Amino acid sequence: IDLVHLRSSSSLDLLEDGADATAVVSTCEPDPRHDLPGKPPTKLLATFRCQDDQHALRFCVRTVEGEPGDLRCVVVARGQPKIGRVVDFRVPALSLHRRVHELTAAQLARPKNILTLEG
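This section reports on the structure supplied with the text. (Residues numbered from 1 in each chain as written. Predicted model: local features only at pLDDT ≥ 70, side-chain atom pairs only at ≥ 80, totals over all residues. Heavy atoms only, no water.)

Some thoughts on the overall build of the protein
No. 1: In terms of helices and strands, the protein carries one helix and seven strands.
No. 2: Starting at the N terminus and ending at the C terminus, the protein contains elements arranged as β-β-β-β-β-β-β-α.
No. 3: Compactness check: the protein gives a C-alpha radius of gyration of 20 Å against a globular reference of 14 Å for 119 residues, more than 25% above the reference.
No. 4: Projecting the C-alpha coordinates of the protein onto the three principal axes gives extents of approximately 75 × 40 × 25 Å.
No. 5: Per-residue burial over the protein gives 21% buried out of 119 residues. (Helix = DSSP H or I, 4+ residues; strand = E, 2+ residues; numbered from the N terminus. Rg over C-alpha atoms; globule rule 2.2 N^0.38 Å. Buried < 20%, exposed > 50% of the residue type's maximum accessible area, 1.4 Å probe, protein only.)

Structure follows, in structure tokens:
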């Protein structure tokens with residue numbers, strides 16, 4: 001991998017705890033003049049430049065709850081000729097939620113919040 005470029009229309013935070021320390025990360029503020037009419041505005045631009053001996057890249061992002069959008073990753077391979085691949089991901093609005101059909105015994109045993117009003 002030579003570099004990975006990220007562009008997102010939803011607010012994403014790059015987390016340092018899951019990122020490779022050998023990759024050089026560059027971020028910049030998106031310029032609204034480059035947004036296309038009828039498309040959502042760009043909120044994240046980031047580029048990971050990999051070192052010569054690096055063959056894989058791992059990074060983590062945090063989404064903002066309730067804000068849907070798209071994440072486009074452009075992965076450029078090292079070598080000649082330069083070859084890139086575009087991978088699109090959809091970020092759902094409720095990305096931090098998941099459906100639970102049945103609770104396990106451990107989940108049922110957890111303490112519950114109690115609100116008592118007297119007076």
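Following the structure, the description resumes.
Some words on unusual backbone geometry
No. 1: That bond from Gln-80 to Pro-81 is cis: its omega, -5°, falls within 30 degrees of zero.
No. 2: Of note, Pro-81 is situated in the loop between β6 (69–76) and β7 (84–91).

Looking at the packing of aromatic side chains
The geometry of an aromatic ring pair is captured by two quantities: the separation of the ring centres and the angle between the planes.
No. 1: Taken as a whole and judged by the stated rule, the model has one aromatic pair.
No. 2: Seen from their ring centres, Phe-48 and Phe-59 are 4.7 Å apart, and the 20° between their planes marks the pair as stacked. On the criterion of sequence distance, the pair formed by Phe-48 in strand β4 (residues 44–49) and Phe-59 in the loop between β4 and β5 (60–63) is long-range, its members being eleven residues apart.
No. 3: According to the relative accessible area criterion, Phe-59 is partly exposed, its value standing at 25%. (Phe/Tyr/Trp six-rings, centres within 6.5 Å; stacked < 30°, edge-to-face > 60°.)

A short note on the layout of surface pockets
No. 1: Computed from the structure, the largest pocket encloses a volume of approximately 290 Å³.
No. 2: In this structure, the largest pocket is lined by 14 residues; those nearest its centre are Arg-7, Lys-39, Pro-40, Asp-70 and Arg-72.
No. 3: Mapped by element, the contributors of at least two residues to the lining of the largest pocket are β6 and β7. (1 Å grid on protein atoms, 1.4 Å probe; cavity = no way out; pocket = protein on both sides within 12 Å on 5 of 7 lines; lining within 4 Å. Points joined across faces, edges and corners; volume = space filled by probe spheres on them.)

Details of the pattern of salt bridges
No. 1: Overall, the coordinates contain eight salt bridges when judged by the stated rule.
No. 2: Asp-13 is paired through a salt bridge with Arg-62; the nearest N and O atoms lie 3.5 Å apart. With a gap of 49 residues between them, Asp-13 in strand β2 (residues 12–15) and Arg-62 in strand β5 connect regions that are remote in the sequence.
No. 3: Of the charged contacts, one joins Arg-33 and Asp-31 as a salt bridge, the two residues approaching to 2.6 Å between their closest N and O atoms.
No. 4: In this structure Asp-31 comes out as partly exposed when scored by relative accessible area, which is 26%. (Salt bridge = Lys/Arg side-chain N within 4 Å of Asp/Glu carboxyl O.)

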